[in-house]
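Given next are the chains, with one letter for each unit.
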Amino acid sequence: MTDLPPERNEQFIRMRTTARDIFSSALKNASIESAFSRHLHCERGVLRICDDLYDLNAYSRVFVVSIGKAAHTMVVAIEAQVGSRLEGIVASSVEPAGQVRGFRYFQGGHPTPNAESIQAAEAILKSLGSLDAASLVIFMISGGGSSIVEKPIDDEITPPDLIATYRALVHSGSPIAEINAIRKHLSAVKGGRLAQAAYPAQQVSILVSDVPDSTPDALASGPTMPDSTSIQDCERIAAKYELLDQFPKSVGDLFRQHALEETAKSDDPAFVRARWWTVLSNKIALDEAAIAATRAGFAVEVDNSCDDWDYEKAADYLVNRLRELRAKVSRVCLLSGGEVTVTVRNGGVGGRNQQFAMACAGKIAGEDITILSGGTDGIDGNSPAAGAIVDGSTLHRAGGAPVTDALAHFNTYNLFRTLDDTVVTGPTGNNVRDLRILLAY
């Protein structure tokens, strides 16, 4: 294999660095700290959350429940605003750098629940049950909460059954909103059931969203919000992805016997004194990436239309869209937010971002194009990477065949690591969906 001309190789190296810089800038500026400083403020015991005011001194008890991948960061951020007067429960999938006084900590599992996921759910339900109408509960919800805090609604569903159910859902290729519709109906804490447990307390939910803006109740499977999905939706989704035979018997039987329990709807009394505010979402990350790309000299276009598409279809669409834009502008950056889906069969080490990037590699071989796809939580599938980067030289540098093999076996991480093209941030303490950065030059 002949080497790339030095000037061409240098150009690819520069553009890979530029794409990484844009991604890093988006992560830095779409942070929990900046979002909380914009949307929360506490003065003389009065806490402002977006357009709401809460006089903390007027409540007999103020209790905080923080769950998801951003749980630790959110507790630190609210303590910075309110001080050390708060108490509550924190459940995340990562170990905290330090603990805030007054909080109990749990390390739940992700992407499947573990023993502490169940312990966290039981502790939260017990604590919420002790609140009365003179209490205020502040829920802080972020992505990953579906598995990090979990308790089956049916005692027949054992912990191994719960894990097997989650695995079948995650590997089904179903969009997150459909996955969470089923999770809600199998859970004692999802689909508004934490709100029911907290009733009649005053409630406010602060949301760091990793779901589409149109379906906020899909975030962490909507533990504090009215559920827009139904039992009929669950049965349709299970049939669509042929899940009944993949579910353990205890779960499959609930579907076969039409025995699922309906979740909380908007007319439930639990929501009369409940409010919800999204303080951070994928849009903020896109806006920050657009600013960084503009500073780097690119004309910027945002196209989120492939959200929840299959990764191969999304790769075809975005690469072709980028070519259309490049025909009009010499240097263009196409940004795309949201998530693509991957139906995993006997997978190796990787994730949806690396699978998407590798699928793009063969489509852009030899072209002056660089593509980065990464998760804002810093975690892509079962790999240590947040995502990966490819360009017109990837196929050349990889030798061709390994790319096809890696894609076929859902084992992309090792090849990207060999090429030094992984994007590694470590867990970011944040989670606002994925970001795809496509550069043409």
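Report on the accompanying structure. As the structure is a computational prediction, the values presented were derived from the model and not from experiment. Here, residues in each chain are numbered from 1, in the same order as that chain's written sequence. It should be noted that, the model being predicted, local features are given only for residues of pLDDT at least 70 and side-chain atom pairs only at 80 or more, the latter also being counted only at that level, while totals for whole chains, interfaces and linings use all residues. Note that the side-chain values use all heavy atoms of the structure and ignore hydrogens as well as water.

Along the protein, the regular secondary structure elements total 16 helices and 15 strands. Throughout, the radius of gyration refers to the C-alpha atoms, and the reference size of a globule is 2.2 Å times the residue count to the power 0.38. For 441 residues, the compact-globule estimate of 2.2 N^0.38 gives 22 Å, and the C-alpha radius of gyration of the protein, at 22 Å, lies within 12% of that figure. Taken over the C-alpha atoms alone, the protein extends approximately 70 × 55 × 35 Å along its principal axes. The buried share of the protein, taken over its 441 residues, is 58%. Whether two residues touch is decided by their heavy atoms; if any such pair falls within 4.5 Å, the residues are in contact. Taking contacts inside the protein between residues at least 6 apart in sequence as the whole, the part at least 24 apart equals 79%. Each accessible area value is a Shrake-Rupley result obtained with a 1.4 Å probe; residue values ignore everything except the protein chains displayed when judging cover. For the protein, the accessible area works out to roughly 17500 Å², and carbon and sulfur atoms hold 49% of it. By definition, any uninterrupted DSSP run of H or I lasting at least four residues is a helix, any uninterrupted run of E lasting at least two residues is a strand, and each is numbered from the N terminus. Burial classification: accessible surface area is computed with a 1.4 Å probe over protein chains only, and a residue below 20% of its type maximum counts as buried, one above 50% as exposed, and the rest as partly exposed.

Here the focus is unusual backbone geometry. Looking along the chain, the bond that leaves His110 and enters Pro111 is cis, with omega of 10 degrees. On the secondary structure map, Pro111 appears in the loop between β6 (103-107) and α4 (115-129). Cis geometry marks the peptide bond from Tyr199 to Pro200, where omega comes out at 15 degrees. Counting through the fold element by element, Pro200 comes out in the loop between α8 (193-198) and β8 (202-208).

The next point concerns helix α1 (residues 6-29). Because an α-helix packs 3.6 residues into every turn, residues spaced three or four apart end up facing the same way. For α1, which comprises 24 residues, the first-to-last C-alpha distance of 35 Å matches the rise-based estimate of 34 Å (1.5 Å per residue) to within 8%. Listed as buried for α1 are Gln11, Phe12, Met15, Arg16, Thr18, Ala19, Ile22, Phe23, Ser25, Ala26 and Leu27. Looking at the buried positions of α1, the neighbouring elements they touch are α11 (282-295), β12 (369-375), β13 (387-391), α14 (394-398), β14 (422-423) and β15 (434-440). What a helix is expected to span follows from its residue count: subtract one and scale by 1.5 Å.

Let's shift gears to the environment of Leu280. Structurally, Leu280 is set in strand β9 (residues 274-280). Spatially, the C-alpha atom of Leu280 lies 31 Å from that of Asp391, the residues being 111 residues apart in sequence. In this structure, Leu280 is in contact with Ala30, Ser31, Ile32, Ala35, Arg38, Leu207, Val208, Ser209, Asn430 and Val432, ignoring residues within four places of it in sequence.

Moving on: the packing of helix α2 (residues 32-39) against helix α3 (residues 71-82). The contact between α2 and α3 brings their axes to 9 Å, and the two run at 35 degrees. Seen from above, α2 lies across α3 with right-handed handedness. From α2, Ile32, Glu33, Phe36 and Ser37 reach across to α3, where they touch Thr73, Met74, Ala77, Ile78 and Gln81. Considering only residue class, the contact of α2 with α3 consists of five nonpolar, three polar and one charged. Helix axes are fitted only over the stretch in contact, all axes being lines through C-alpha atoms; the angle between N-to-C directions runs from 0 to 180 degrees. By convention, the crossing between two helices is left-handed when the near helix turns anticlockwise from the far helix through less than a right angle, and right-handed when the turn is clockwise. Charged means Asp, Glu, Lys or Arg here, nonpolar means Ala, Val, Leu, Ile, Met, Phe, Trp, Tyr, Cys or Pro, and polar covers whatever is left, Gly included.

With that out of the way, let us pick up the sheet that holds β8. Paired strands, in this sense, are two strands between which DSSP finds at least two bridges. What the six strands build is an open sheet, ordered β6-β5-β4-β7-β8-β9; its pairing is parallel. Looking at which strands have only one partner, the edges of the open sheet turn out to be β6 and β9. On average, each strand axis in the sheet is inclined to that of its neighbour by 15 degrees, with strand direction left out of account. With seven bridges connecting them, strand β7 (residues 135-142) and β8 associate as parallel partners. Bridging across to β8, Met140 finds its partner in Ile206.

Next up on the list: the sheet that holds β14. The six strands lie next to each other as β10-β11-β15-β12-β13-β14, forming an open sheet whose pairing is mixed. Each edge of the sheet is formed by a strand with only one pairing partner; in this case those strands are β10 (299-302) and β14. With five bridges connecting them, β12 and β13 associate as antiparallel partners. Looking across to β13, one finds that Ile371 is bridged to Val390. Along the sheet, α11 contacts β10, β11 (332-338) and β15; its crossing angle with β11, the most-contacted strand, is approximately 170 degrees. Contacting β12, β13 and β15, helix α13 (residues 352-363) runs over the sheet at an angle of about 10 degrees to β13.

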